[in-house]
Amino acid sequence: MNQPMIEHAAAAATPRSLGFAMPAEFAPHDACWMLWPQRPDTWRYGAKPAQQAFAEVACAIAESETVFVGVNDDQYENARHQLPAPIRVVELSSNDAWMRDMGPTFLTHPDGRLAMVDWEFNAWGGLAGGLYFPWDKDRRIRTKIAEMLGIPRFAAPVVLEGGAIHVDGEGTLITTEECLLNANRNPEMGREAMETVLRDYLGIEKVIWLPRGCHLDETDGHVDNLCCFVAPGQVALTWCGDDADPQAAISREALAVLEAATDARGRPLTVHKLPQPGPLHIAEDEASGIDRLSHSHPRRPGDRMAGSYVNFYIGNAVVVMPLLDPALDDAAKAILQGLFPDKRVIGVPAREILLGGGNIHCITQQQPRP
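A brief structural summary. Note that this is a predicted model, so its numbers are computed, not measured.

A word on the overall build of the protein chain
Step number 1: Helices and strands together make up the secondary structure of the protein chain, namely 10 helices and 18 strands.
Step number 2: A buried classification covers 59% of the 370 residues belonging to the protein chain.
Step number 3: Of the contacts formed within the protein chain by residues at least 6 apart in sequence, a portion of 75% connects residues at least 24 apart.
Step number 4: Put simply, the protein chain shows about 13700 Å² of open surface, and 51% of that area lies on carbon and sulfur atoms.
Step number 5: On the protein chain, the mean spot of the 32 positive side-chain charges and the mean spot of the 49 negative ones are 2 Å from each other.

Below you can see the structure in the form of structure tokens.
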């Protein structure tokens, strides 16, 4: 499948004008892409606990689709040893392991072609608020995957991470103003200009703007930690009923927007509430195992983490969710099973992933079936 790479500067055609669009995560997949954790200022104790958690996520997803795990050369043998044979380990260098954000956003065409969007990436804020430096290897990941798959790559003219957007596959996109309109991403862009880019590169018709993401989310409010589509016209929302918790106001604010909104086809949205775990905080021993470097995000004892059950992955036959709070894990799992009656909901212990700043949805990226 040899198709040309398409750079924005070299071609006026956009994905939308060529008939491409981003499908929903709950549409069929051909594969899932992940990266292997090793960064010592993100992952404690040389990333060994995180590697175990990533391996469990990969194995759960592999029950329903092919999983590719990209690794740096010096971790190839270790990853190959830890991951079972059906999981495909490929050399794909990165600065860290958040494939949702540094990997491609895949597009499909009605005639069966596959393509991708190559967003600009600046490590969640660049030198003014980003989480680490450098991010040069991360920026090459999309180009490398396009070469591996032999598919067109549309270079987009904005900074955007995959976790900042969710689509229903029928023309509607949900995002947050806190992230997409943040001055550390695209300081010159307002809503109208950003919506134009989203329409042109993702083939969507309507954007629903939520004001903020989860409390203290270090990504500046990625929507995939707060709210996601589970079906056309249906979303899951992180919910906190404790008015003393700052998350409660954020969740109520989002609920008001969602209940007043309609999707691109004019349907009102049904909102399913998922309880917020915790609140969860970094323990003393968890912080002590992390390298402290001047150019990376600090992780201190007592810091609150943006834990969320919404940060799950929808596979072909499974839904892989994070287990974060023994008091609420079963309740959250039961809600998700009700939302996905035809899939098996698998809970994976995910605190080690959360300690790095994200969760299961953040470390995965679906490759849709053309």
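So much for the structure itself; the text now carries on.
Observations concerning the sheet that holds strand β11 (residues 234-239)
Step number 1: Here 3 strands make up an open sheet; going across it, the order is β10-β11-β12 and the pairing mixed. Two strands in the sheet have a free side with no partner beyond their single neighbour: β10 (227-231) and β12 (270-275). Ignoring strand direction, the axes of neighbouring strands in this sheet form an average angle of 35°.
Step number 2: Relative to β12, β11 runs parallel, the two being bridged by 6 bridges.

Re the state of the cysteines
Step number 1: In this structure the tally under the stated criterion is 0 disulfides.
Step number 2: With no disulfide of its own, Cys 179 lies closest to Cys 362 among cysteine sulfurs, the gap being 11 Å.
Step number 3: Its relative accessible area of 1% is what places Cys 179 among the buried residues.
Step number 4: A disulfide-free cysteine, Cys 214 has its sulfur positioned 9.9 Å from the sulfur of Cys 227, the nearest such atom.

Let's talk about the nonpolar core
As a rule of thumb, soluble globular proteins bury nonpolar side chains together.
Step number 1: Counting 75 residues, the largest nonpolar core has Met 34, Val 69, Leu 83, Phe 312 and Ile 353 as its most contacted members.
Step number 2: When residues no more than four places from it in sequence are discounted, the contact partners of Val 69 are Met 34, Leu 35, Trp 36, Ala 58, Leu 83, Ile 87, Arg 88, Val 89 and Val 90.
Step number 3: Of all hydrophobic cores here, the second largest spans 25 residues; its members include Trp 119, Ala 164, Val 167 and Leu 180.

Here we look at empty space enclosed by the protein
Step number 1: Taken as a whole and assessed by the stated rule, the structure comprises 7 cavities of 30 Å³ or more.
Step number 2: Volume-wise, the largest cavity comes out at about 70 Å³.
Step number 3: Class assignment for the residues of the lining of the largest cavity results in 6 nonpolar, 4 polar and 1 charged.

Notes on unusual backbone geometry
Step number 1: The amide bond that connects Phe 133 to the next residue, Pro 134, takes the cis arrangement and shows omega of 0°.
Step number 2: When you line up the elements, Pro 134 lands in the loop between β5 (114-120) and α4 (136-149).
Step number 3: Each neighbour pair has its own omega, and for Gly 278 with Pro 279 the value is 15°, a cis peptide bond.
Step number 4: With respect to the helices and strands, Pro 279 occurs in the loop between β12 and β13 (280-281).
Step number 5: Notably, Ala 47 is not glycine yet its phi reads approximately 70°, a positive angle.
Step number 6: Mapped onto the elements of the fold, Ala 47 is located in the loop between β1 (29-35) and α1 (48-61).
Step number 7: Overall, the relative accessible area of 0% leaves Ala 47 in the buried class.
Step number 8: One non-glycine residue, Trp 124, lies in positive phi territory at about 65°.

Side note on α1
Step number 1: Taking 1.5 Å per residue as the helical rise, α1 with its 14 residues ought to reach 20 Å, and the 20 Å between its terminal C-alpha atoms agrees with that figure.
Step number 2: Listed as buried for α1 are Ala 50, Gln 51, Ala 53, Phe 54, Ala 55, Val 57, Ala 58, Ala 60 and Ile 61.

A closer look at the pattern of salt bridges
Oppositely charged side chains can form a pair if their charged atoms are brought close together.
Step number 1: A full pass over the atoms with the stated rule returns 23 salt bridges.
Step number 2: Across the pair Glu 352 and Arg 44 runs a salt bridge, and its minimum N-O distance is 2.4 Å. Here Glu 352 is found in helix α10 (residues 351-355), whereas its partner Arg 44 is found in the loop between β1 and α1, with 308 residues between them in sequence.
Step number 3: The residue Arg 139 makes a salt bridge to Glu 120 at a minimum N-O spacing of 2.6 Å. On the criterion of sequence distance, the pair formed by Arg 139 in helix α4 and Glu 120 in strand β5 is long-range, its members being 19 residues apart.
Step number 4: Under the relative-accessibility criterion, Glu 120 is labelled partly exposed at 33%.
Step number 5: Taken together, the shared-partner salt bridges connect Glu 170, Asp 263, Arg 265 and Arg 267 into one network.

Some remarks on the layout of surface pockets
Step number 1: A volume near 350 Å³ is recorded for the largest pocket.
Step number 2: As for the largest pocket, its lining consists of 25 residues, of which Leu 216, Glu 218, His 297, Arg 304 and Met 305 are closest to the centre.
Step number 3: Mapped onto the lining of the largest pocket, the elements with two or more residues apiece are β14 (304-305) and α10.
Step number 4: Here the residues of the lining of the largest pocket are counted per class, giving 8 nonpolar, 10 polar and 7 charged.

Rules used throughout
- Residues numbered from 1 in each chain as written.
- Predicted model: local features only at pLDDT ≥ 70, side-chain atom pairs only at ≥ 80, totals over all residues.
- Heavy atoms only, no water.
- Helix = DSSP H or I, 4+ residues; strand = E, 2+ residues; numbered from the N terminus.
- Buried < 20%, exposed > 50% of the residue type's maximum accessible area, 1.4 Å probe, protein only.
- Contact = heavy atoms within 4.5 Å.
- Areas by Shrake-Rupley, 256 points an atom, 1.4 Å probe, with all protein chains shown as cover.
- Lys, Arg positive; Asp, Glu negative; His and termini not counted.
- Charge placed at Lys NZ, Arg CZ, Asp CG, Glu CD.
- Pairing = 2+ DSSP bridges.
- Axes fitted to C-alpha atoms, helices over the stretch in contact; angles between N-to-C directions.
- Disulfide = S-S within 2.5 Å.
- Core = buried A, V, L, I, M, F, W, Y, C linked by side-chain atoms within 4.5 Å.
- 1 Å grid on protein atoms, 1.4 Å probe; cavity = no way out; pocket = protein on both sides within 12 Å on 5 of 7 lines; lining within 4 Å.
- Points joined across faces, edges and corners; volume = space filled by probe spheres on them.
- Nonpolar A, V, L, I, M, F, W, Y, C, P; charged D, E, K, R; others polar.
- Expected span 1.5 Å × (residues − 1).
- Salt bridge = Lys/Arg side-chain N within 4 Å of Asp/Glu carboxyl O.

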